[in-house]
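Secondary and tertiary structure notes
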Amino acid sequence: MPDGRAIESRATIELPYPRVRDVLRADALSIFHRATKVAEERSGEGVAALSVNLAGIEMTRDIIVTVRGIREDPAAGDERPVVTSLDLEWKAADSPGFFPTMKAELRISPESSSRTEVMLVGTYKPPMGILGSAIDAVVGRLAEASVHGFVAAVVEQIGLEPHDG
């Protein structure tokens, strides 16, 4: 989405890469739903609520999260031999033309044998054309805050998944 605004967030989790990869491959939507306090599941889509606190005002919007695909790619260098990427898209559940849409990749890669990096890299498109671009300073802060919160919550939910060892 070349006309969108780039956005990125990253976090690490104290679990080995294969475990994090397996949890996400098994049921990424459930992780995302719990991470965003989801109320409903639909075929291939999830309705979620992203909340951000901006200057003491809590703002919540229901969104539809779609996982477009999952792939594993070799990464550059020997330190991180594989990157698993989940292609995501989200938009407002109601009146999507009035809220930003996001296309992103959630990438996971090993940091060490017991630690995994989770990174979301994407672009969002401000709503309402020129008018949306004019208010992008506010929308941009909301988008950044919601992406950072989403990544942190995803990492937390992965850590709560039952596992051996």
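Residues numbered from 1 in each chain as written. Predicted model: local features only at pLDDT ≥ 70, side-chain atom pairs only at ≥ 80, totals over all residues. Heavy atoms only, no water.

Right, let's talk about the overall build of the chain for a bit. Of the regular secondary structure elements, the chain holds 3 helices and 7 strands. Seen in sequence order, the chain has helices and strands lined up from the N terminus as β-α-β-β-β-β-β-β-α-α. The long-range share in the chain, meaning contacts at least 24 apart out of those at least 6 apart in sequence, stands at 56%. Within the structure as shown, the chain displays about 8800 Å² of accessible surface, and the carbon and sulfur contribution to it stands at 53%. (Helix = DSSP H or I, 4+ residues; strand = E, 2+ residues; numbered from the N terminus. Contact = heavy atoms within 4.5 Å. Areas by Shrake-Rupley, 256 points an atom, 1.4 Å probe, with all protein chains shown as cover.)

This next bit is on the packing of aromatic side chains. Tallied over the full model, the rule gives 1 aromatic pair. Relative to Phe150, the ring of Phe32 has its centre 5.4 Å away and its plane inclined at 50°; by these criteria the two rings are tilted. On the criterion of sequence distance, the pair formed by Phe32 in helix H1 (residues 17-35) and Phe150 in helix H3 (residues 136-160) is long-range, its members being 118 residues apart. A residue is classified by how much of its surface remains accessible, and Phe32, at 1% relative accessible area, is buried. Accessibility expressed as a relative area gives 1% for Phe150, which makes it buried. (Phe/Tyr/Trp six-rings, centres within 6.5 Å; stacked < 30°, edge-to-face > 60°. Buried < 20%, exposed > 50% of the residue type's maximum accessible area, 1.4 Å probe, protein only.)

Before going further, it helps to spend a moment on the side chain of Glu117. Along the polypeptide, Glu117 turns up in strand E7 (residues 115-125). Residue Glu117 is classed as buried on the basis of its relative accessible area, which comes to 6%. In this structure the side chain of Glu117 is engaged in a polar contact, spanning 2.9 Å, whose partner is the side chain of Arg10. (Polar contact = N/O pair within 3.5 Å; in protein donor to acceptor, adjacent residues only side chain to side chain.)

By the secondary structure assignment, Thr116 is in strand E7. Thr116 sits in the buried class, given a relative accessible area of 0%. Here the side chain of Thr116 touches Leu15 through a polar contact of 2.7 Å, landing on its backbone oxygen. With sequence-adjacent residues up to four places away left out, Thr116 is seen in contact with Ala11, Thr12, Ile13, Leu15, Pro16, Tyr17, Val20, Ile108, Ser109, Pro110 and Glu111.

Following the sequence through the fold, Ile31 ends up in helix H1. The exposure class of Ile31 is buried, given its relative accessible area of 2%. For the pair formed by Ile31 and Gln157, sequence separation is 126 residues and the distance between their alpha carbons is 6.1 Å. If near-sequence neighbours (up to four positions away) are discounted, Ile31 is found in contact with Val23, Leu24, Val154, Gln157, Ile158 and Glu161.

Moving on to the pattern of salt bridges. Counted under the stated rule, the structure contains 13 salt bridges. Between Arg10 and Glu8 there is a salt bridge, and its shortest N-O distance comes to 2.7 Å. In this structure Arg10 comes out as partly exposed when scored by relative accessible area, which is 48%. Note that Arg10 and Glu117 form a salt bridge whose closest N and O atoms lie 2.9 Å from each other. Pair noted here: Arg10 is in strand E1 (residues 5-13) and Glu117 is in strand E7, with a separation of 107 residues, a long-range link. Within this structure, Arg71, Asp73, Asp87, Glu105 and Arg107 form a network of salt bridges that share partners. (Salt bridge = Lys/Arg side-chain N within 4 Å of Asp/Glu carboxyl O.)

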